[in-house]
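Each chain, letter by letter, is given below.
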Amino acid sequence: MTTRTSQETVQLADGVSIPLVGFGTWELEGSSAYDGVRAALDIGYRHIDTATGYANEDRVGAAVRDSGVGRENVFITTKCPPENAGRERETLDASLKALGVDFVDLWLVHWPPNGEARPETWKAFVEALEAGKTRAIGVSNYSIAQIDELTAATGRTPALNQIPWNPFIYDQRVVTELEKRNVVLEGYSPLKRSELGHPVLKEIATAHGKTAAQVILRWHVDRGFVVIPRSQRRERIEENFAIFDFELTPEELRRLDALGA
Ligand SMILES: NC(=O)c1ccc[n+]([C@@H]2O[C@H](COP(=O)([O-])OP(=O)(O)OC[C@H]3O[C@@H](n4cnc5c(N)ncnc54)[C@H](OP(=O)(O)O)[C@@H]3O)[C@@H](O)[C@H]2O)c1
């Protein structure tokens, strides 16, 4: 069993630590983005996931500022839309302006532009890192082959790949290949793409007095995957972070892994 604290982090190859559990903000607009991030920071989350494409960076930035938690204590990820390939620097500068920060903690290529790895875009990411505008760089929705293409072209491997992930789509081969390359796996849509009513989930949840959503999120934490659940309801934002007072047994973890088989 793995004991984890709510502020547990994973080290990225860029030398930066990313909190295992973050707050996702896709589809949170206007006041729901602001209120959601304020609630998350109040509850104890210290990692927020946004993107140029979510059109909420200004609200996320305002919430971080008003929270009183301190910029240095919040890990902020944003992402460059694939259609902005070729305009990477302007895109990041606009993100920094909207967020009201001097740098982000992690900047991701949101999707492979036109479905391609696009090493030129990755070179611009390396430049942004060297310029201090982001503390780490990575990709999202990239295949292993596309990650290798970026490494071969630039000598720099993305520190992280953000991909759809949960026990139902768990694939040990992906884990192994990313580990070999020292690429951290960050999972998205942990709840939306899961079958929350599945009997195995229900049984394990009942055994711990927890919800199915909490079991899924704890599975990520116990397996060392970064996870970024999203909700616009304070009680669920709270529920999704109340996962550090129980542990899944090795047998339960194996049963959850097997849901992806
Ligand atoms: N890189 C990419 O391409 C990409 C793609 C998708 C997502 N993401 C990131 O990953 C984050 C999370 O993924 P997601 O937003 O797609 O999905 P998610 O976090 O898996 O699920 C969100 C949905 O689940 C509901 N929910 C939240 N907590 C719940 C709970 N405890 N019990 C039952 N239902 C619950 C929410 O409804 P309520 O709001 O009503 O609670 C919402 O409808 C995003 O917000 C975004 O930051 C990245």
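Cut-offs and rules
- Residues numbered from 1 in each chain as written.
- Predicted model: local features only at pLDDT ≥ 70, side-chain atom pairs only at ≥ 80, totals over all residues.
- Heavy atoms only, no water.
- Pairing = 2+ DSSP bridges.
- Helix = DSSP H or I, 4+ residues; strand = E, 2+ residues; numbered from the N terminus.
- Buried < 20%, exposed > 50% of the residue type's maximum accessible area, 1.4 Å probe, protein only.
- Contact = heavy atoms within 4.5 Å.
- Polar contact = N/O pair within 3.5 Å; in protein donor to acceptor, adjacent residues only side chain to side chain.
- Phe/Tyr/Trp six-rings, centres within 6.5 Å; stacked < 30°, edge-to-face > 60°.
- Lys NZ or Arg CZ within 6 Å of the ring centre and 35° of its normal.
- Expected span 1.5 Å × (residues − 1).
- Core = buried A, V, L, I, M, F, W, Y, C linked by side-chain atoms within 4.5 Å.

(A) Here's a closer look at the sheet that holds strand S3 (residues 23-24). The strand order across the open sheet built from eight strands is S3-S4-S5-S6-S7-S8-S9-S10, with neighbouring strands paired in parallel fashion. One side of each edge strand has no neighbouring strand; the edge strands of this open sheet are S3 and strand S10 (226-227).

(B) Examining unusual backbone geometry more closely. One non-glycine residue, Glu-27, lies in positive phi territory at about 70 degrees. Judged by relative accessible area, which is 48%, Glu-27 ranks as partly exposed. If you check the backbone angles, Ser-189 has positive phi at about 50 degrees while not being a glycine. Note on placement: Ser-189 falls in the loop between strand S9 (184-188) and helix H7 (199-208). Given a relative accessible area of 14%, Ser-189 falls into the buried group.

(C) Region of interest: the environment of Phe-244. For Phe-244, the position within the fold is in the loop between helix H9 (234-239) and helix H10 (250-257). Expressed as a C-alpha distance, the spacing of Phe-244 and Leu-20, which sit 224 residues apart in the sequence, is 11 Å. Beyond its immediate chain neighbours, meaning those up to four positions away, Phe-244 contacts Arg-4, Thr-5, Ser-6, Val-21, Arg-218 and Val-221.

(D) Spatial organisation of the side chain of Asn-56. If you trace the backbone, Asn-56 turns up in the loop between strand S4 (47-49) and helix H2 (57-67). Classification of Asn-56 by relative accessible area gives buried; the value is 0%. One polar contact links Asn-56 to Thr-50, side chain to side chain, over a distance of 2.6 Å. Ignoring sequence-local partners within four residues, the contact set of Asn-56 consists of Thr-25, Leu-28, Ala-33, Thr-50 and Ala-51.

(E) Main features of the packing of aromatic side chains. In total, this model carries nine aromatic pairs according to the counting rule given. When the ring of Phe-241 is compared with that of Phe-244, the centres are 5.4 Å apart and the planes differ by 70 degrees; the resulting orientation is edge-to-face. Both residues of the pair, Phe-241 and Phe-244, count as buried. Clustering of aromatic rings is evident, with ring pairs tying together Phe-23, Tyr-45, Phe-241 and Phe-244. Lying over the aromatic face of Phe-103, Arg-71 brings its terminal NZ or CZ to 4.5 Å of the ring centre. The side chain of Arg-218 reaches across the aromatic face of Phe-246, ending 6.0 Å from its centre.

(F) Representation of helix H4 (residues 119-130). With twelve residues, H4 should reach 16 Å at 1.5 Å per residue; the first-to-last C-alpha distance of 16 Å fits that figure. Along H4, the residues that are buried comprise Pro-119, Thr-121, Trp-122, Ala-124, Phe-125, Val-126, Ala-128 and Leu-129. Directly beyond the C-terminal end of H4, a positive phi value near 80 degrees is found at Gly-132.

(G) View of the nonpolar core. Core analysis: the biggest nonpolar cluster contains 81 residues, and Leu-12 and Val-21 have the highest contact counts within it. A total of seven residues in this core trace back to one element, the largest contributor, which is helix H8 (residues 212-223). When near neighbours in sequence (up to four residues on either side) are disregarded, Val-21 contacts Tyr-45, His-47, Val-221, Val-227, Pro-229, Phe-241, Ile-243 and Phe-244.

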